[in-house]
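For reference, the chains in residue letters:
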Amino acid sequence: MLQRKYLFPNVIELNLQAAQSFGVNIYLLDGGSEWALIDVGQEETLNDLIDLIRKLDFPLSKCKLLIATHADADHVQALKQARERLKAKTAAHPEAARALETGDAVQTYAQIAAQNINLPMPPCKIDVKLQEGDELKIGKLKLRVWHTPGHTPGQLSFKMGNLLFSGDNIYKDGCVGAIDAHHGSHLPSFIASLKRIRDDDAEFLLPSHGPVFRKDPAILQQAIDRLTQYQHMADFGTCTVSWPLEEEWKRDILAGKMPVL
Ligand SMILES: [Zn+2]
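What this report covers is the structure whose coordinates are included nearby. Model, not experiment: these values are computed from the prediction.

Section: the sheet that holds strand S10 (residues 141–147)
Consider a sheet: its strands pair through backbone hydrogen bonds, and that pairing is either parallel or antiparallel.
Move 1: Spatially, S9-S10-S11-S12-S13-S14 is the arrangement adopted by the six strands of the open sheet, whose pairing is mixed. Where the open sheet ends on each side, the last strands, each with one partner, are strand S9 (135–138) and strand S14 (213–214).
Move 2: Sheet analysis places S10 next to strand S11 (residues 156–160), joined by four bridges and oriented antiparallel. Paired with Val145 across the bridge in S11 is Phe158.

And the structure:
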């Protein structure tokens, strides 16, 4: 048996545990009598992941739930295989479930034709649909489900005591999950999700990429301010809410005004 490296009581992060990169953060919640995973990563690392869990002496039959933070392929491409091999139920927000159950390769980022990215995205049944405010029980652990859309419409976060599993909302350096119309990013919702995280009493954020960190309202505020600007910048294409320059230009055209150079 491998020595378990708990990051917080009842929480093991499997990249840290294995000293190996799984590409995304994968949290094992140890509820004592049963356990669960937050995200499972990709098929190419699933064997290693299951081996590791076995070596940590978690009985595979005690896996209660495979939770998808959202439907992006890097986090959950292996969900179908994991569901079959661990014989565990899958859980996601209904908006993520739609993409996962149809194996939507575009919305999940499995396929980005312009960049020659083409991963299989096997459709996976989602057994439990998680909604804002639901309570998850994993053995002795209780998690509160937060719906935090913005990066994707089905992005979830999970509050457990002073910890917030914060998904792709914000990372230690203040970056946020990719903003892209193709997978349903929505700037006003993203800002609302970041404000909710800023104002909550969680002490630590456990993101889906990069290191865990102590929550710093200043870092969140910087991201909120940046995204507030993004709403009115052409840089974000159809995610932009309004673009003042174009509105002004249209007014000038209709008024027959020539540019002043
Ligand atoms: Zn993502």
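From this point, things continue past the structure.
Points about unusual backbone geometry
Move 1: In this structure, Ala19 is a non-glycine residue whose phi angle is positive, near 50°.
Move 2: Inspection of the secondary structure assignment puts Ala19 in the loop between helix H1 (14–18) and strand S2 (27–30).
Move 3: Unlike most non-glycine residues, Asn116 shows phi in positive territory, near 55°.
Move 4: Looking at where Asn116 falls in the secondary structure, it is placed in the loop between strand S6 (111–112) and strand S7 (117–118).
Move 5: Given 7 C-beta atoms within 10 Å, Asn116 falls into the exposed group.

Some words on the packing of helix H6 (residues 187–199) against helix H7 (residues 217–230)
Move 1: Packing of H6 against H7 brings their axes to within 9 Å, and their N-to-C directions diverge by 165°. Taken together, H6 and H7 sit at an angle that is classed as roughly antiparallel. At the point where H6 passes H7, the crossing takes the left-handed sense. Across from Leu187, Phe190, Ile191, Leu194, Lys195, Ile197 and Arg198 in H6, the residues of H7 making contact are Pro217, Leu220, Gln221, Ala223, Ile224, Leu227, Thr228 and Tyr230.
Move 2: Of the residues that constitute the contact of H6 with H7, the class distribution is eleven nonpolar, two polar and two charged.

Re H6
Move 1: With 13 residues, H6 should reach 18 Å at 1.5 Å per residue; the first-to-last C-alpha distance of 18 Å fits that figure.
Move 2: Buried residues of H6: Leu187, Phe190, Ser193, Leu194 and Ile197, and no others. The arc enclosing the buried residues of H6, seen along the axis, measures out at 120°, which places them on a common side.
Move 3: At its buried positions, H6 is contacted by strand S12 (163–167) and H7.

Side note on the environment of Gly210
Move 1: Assignment of secondary structure puts Gly210 in the loop between strand S13 (204–207) and S14.
Move 2: Each C-alpha atom, one on Gly210 and one on Ile170, is 10.0 Å from the other, the two residues being 40 residues apart in sequence.
Move 3: Here Gly210 is in contact with Tyr171 and Lys172, once residues within four sequence places are set aside.

A look at the pairing of strand S3 (residues 35–38)
Move 1: What you see with S3 is no split at all: Trp35 and Leu37 on one side and Ala36 and Ile38 on the other are buried throughout.
Move 2: Summarising the sheet, S2 and S3 pair through four bridges and their orientation is antiparallel. From the neighbouring strand, Leu29 faces S3, where its bridge partner is Ala36.
Move 3: The hairpin formed by S2 and S3 contains four residues between the paired strands, and Gly32 there has a positive phi angle of roughly 90°.
Move 4: Bridge analysis of S3 against strand S4 (residues 63–67) gives four bridges, and the strand direction is parallel. By the bridge assignment for S4, Leu37 is matched with Leu66.
Move 5: Regarding the hand of the β-α-β motif, the stretch spanning S3, helix H2 (residues 43–55) and S4 is right-handed.

Quick notes on the rules
- Residues numbered from 1 in each chain as written.
- Predicted model: local features only at pLDDT ≥ 70, side-chain atom pairs only at ≥ 80, totals over all residues.
- Pairing = 2+ DSSP bridges.
- Helix = DSSP H or I, 4+ residues; strand = E, 2+ residues; numbered from the N terminus.
- Buried ≥ 20, exposed ≤ 12 C-beta atoms within 10 Å, placed from the backbone.
- Axes fitted to C-alpha atoms, helices over the stretch in contact; angles between N-to-C directions.
- Parallel < 35°, antiparallel > 145°, perpendicular 65-115°, else oblique.
- Left-handed = near helix turned anticlockwise from the far one by under 90°.
- Contact = placed C-beta atoms within 7 Å.
- Nonpolar A, V, L, I, M, F, W, Y, C, P; charged D, E, K, R; others polar.
- Expected span 1.5 Å × (residues − 1).
- Arc of directions from axis to C-beta.
- Right-handed = clockwise from strand over helix to strand, strands pointing away.

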